[in-house]
Amino acid sequence: MPAMSTQEKIQAIAACRGVRPVSQLTAYDYPTARLLDEAGIDMLLVGDSLGMMVLGFPDTTSVTLEHILHHTAAVARGCSRALLVADMPIHSYDTPEQAVRSARALVDAGAEAVKLEGGTAVQDRIRAITRDGIPVQAHIGLLPQHIKEDGGYRMRGKTDSEAQALLADVAAVADAGAFSVVIECTRPEVAARITAASPIITIGIGAGHSTCDGEVQVIHDLIGAFPWFTPRFAIQHASVATSISDAVKKWKDDLLLPPAKHR
Ligand code: KIV
């Protein structure tokens, strides 16, 4: 079967609305990307959660464009069917001009779309990137790049004015040409309200089950590969960290065996 173009992939994802949930998972390396692609995941995200999951930073605010470029190129080598979205790290889209330059660099590295955080506040950046022909996924609700000034990891949309602001954010990003929006850590009823009002595909994380058109998860949370911290809302279907520890301990114990008993 001939490979789908980026536009065909986006149309196919949009056509899922009301038919089946859209799936999106983070990937930061070639083997993970290839496994997720072969498993039929709709969108891969080279998220700036890379900072915590792979690079050992306490949050996403130390991630640079160079980090994301390096990992996007690796993921692109393992991704053929899914839509490859790359996160724009903090301070890579401070102005519309810089946003376009950074988005182009990500596309040159193999991304088919870019994601950036913010609603109304970054509408000019989203418009500039989409006018340059690069598809954008927006990200509203809890914005990890802004946790320091936004008062930490707390649920968004708790008051009516916060919910109204989120509805205005979705209208702004859709008007600027975004094809999808991630809604992070909002009350489930607010995510459902936003989805009902949204002209574009909504993807939830920590926003309740079945409240959006699809869901995104950090792959390390899903497979239990980062045991030191797991968000409360994460769904874990494997325990990779335990498997690694067990295999390593077993191998270390095997080293003590006399040659006759060593496999
Ligand atoms: O960086 C990331 O992994 C993300 C998801 C949490 C949506 O932005």
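Structure shown above.
Here's what I pulled together on the structure shown here. Being a predicted model, the structure only gives us computed values, none of them experimental. (Residues numbered from 1 in each chain as written. Predicted model: local features only at pLDDT ≥ 70, side-chain atom pairs only at ≥ 80, totals over all residues. Heavy atoms only, no water.)

**Focus on the overall build of the protein**
Then step 1. In terms of helices and strands, the protein carries 11 helices and 8 strands.
Then step 2. Here the C-alpha atoms of the protein give a radius of gyration of 19 Å, agreeing with the 18 Å that 2.2 N^0.38 yields for 263 residues.
Then step 3. Relative to its full complement of 263 residues, the protein shows a buried share of 51%.
Then step 4. The long-range fraction of contacts in the protein, counting pairs at least 24 apart against all pairs at least 6 apart in sequence, stands at 58%.
Then step 5. Element-wise, carbon and sulfur atoms account for 59% of the exposed surface of the protein, whose accessible area totals about 12,900 Å².
Then step 6. In the protein, the 24 positive side-chain charges and the 30 negative ones have mean positions that sit 5 Å from each other. (Helix = DSSP H or I, 4+ residues; strand = E, 2+ residues; numbered from the N terminus. Rg over C-alpha atoms; globule rule 2.2 N^0.38 Å. Buried < 20%, exposed > 50% of the residue type's maximum accessible area, 1.4 Å probe, protein only. Contact = heavy atoms within 4.5 Å. Areas by Shrake-Rupley, 256 points an atom, 1.4 Å probe, with all protein chains shown as cover. Lys, Arg positive; Asp, Glu negative; His and termini not counted. Charge placed at Lys NZ, Arg CZ, Asp CG, Glu CD.)

**As for the sheet that holds strand β6 (residues 180-184)**
Then step 1. In space, the 8 strands of this closed barrel follow the order β1-β2-β3-β4-β5-β6-β7-β8, with parallel pairing throughout. The average angle at which neighbouring strand axes cross in this sheet is 25°, direction not considered.
Then step 2. The pairing of strand β2 (residues 43-46) with strand β3 (residues 83-87) spans 4 bridges and is parallel. Opposite Met43, over in β3, you have Leu83 as the bridge partner.
Then step 3. On top of the sheet, helix α4 (residues 65-78) reaches β2 and β3; it is set at about 170° to β3, its chief contact. (Pairing = 2+ DSSP bridges. Axes fitted to C-alpha atoms, helices over the stretch in contact; angles between N-to-C directions.)

**Remarks on the site of the ligand**
Then step 1. The full set of residues close to the ligand is Thr26, Leu45, Gly47, Asp48, Ser49, Asp87, Lys115, His139, Ile205, Val216 and Val218.
Then step 2. Here Asp87 contributes a side-chain N or O atom positioned 3.2 Å from an oxygen atom of the ligand.
Then step 3. Here Lys115 contributes a side-chain N or O atom positioned 2.9 Å from an oxygen atom of the ligand.
Then step 4. Calculation on the ligand without its partners gives an accessible area of 260 Å², and the protein chains cover 95% of this total.
Then step 5. Each residue belonging to the shell around the ligand can be placed in one class, and the counts come to 4 nonpolar, 4 polar and 3 charged. (Near = heavy atom within 4 Å. Polar contact = N/O pair within 3.5 Å; in protein donor to acceptor, adjacent residues only side chain to side chain. Nonpolar A, V, L, I, M, F, W, Y, C, P; charged D, E, K, R; others polar.)

**A closer look at helix α9 (residues 188-197)**
Then step 1. For α9, every residue scored as buried is listed here: Val190, Ala191, Ile194 and Thr195. Projected onto a plane normal to the axis of α9, the buried residues spread over an arc of 140° and lie on a single side. Opposite its buried face, α9 presents the exposed residues Ala196 and Ala197, each directed more than 90 degrees away.
Then step 2. The secondary structure elements touched by the buried residues of α9 are β5 (136-141), α8 (160-175), β6 and β7 (201-205). (Arc of directions from axis to C-beta.)

**Notes on the environment of Val75**
Then step 1. Its location among the elements puts Val75 in helix α4.
Then step 2. Taking the C-alpha atoms as reference points, Val75 and Arg34, 41 residues apart in sequence, are found 7.8 Å from one another.
Then step 3. Look past the residues within four positions of Val75 in its chain and what remains in contact with it is Ala27, Tyr28, Asp29, Ala33, Leu44, Val46 and Leu84.

**Structural notes on the nonpolar core**
Then step 1. Residues Leu44, Met88, Leu106, Val114, Ile126 and Ile129 are the most contacted members of the largest nonpolar core, which totals 53 residues.
Then step 2. Sorting elements by how many residues they give to this core places α8 first, with 5 residues.
Then step 3. For Leu106, the residues in contact, after removing those within four places along its chain, are Leu65, Ile68, Leu69, Thr72, Ala86, Asp87, Met88, Ala111 and Val114.
Then step 4. Counting residues in hydrophobic clusters, the runner-up holds 15 residues, among them Val22, Leu83, Phe179 and Ile201. (Core = buried A, V, L, I, M, F, W, Y, C linked by side-chain atoms within 4.5 Å.)

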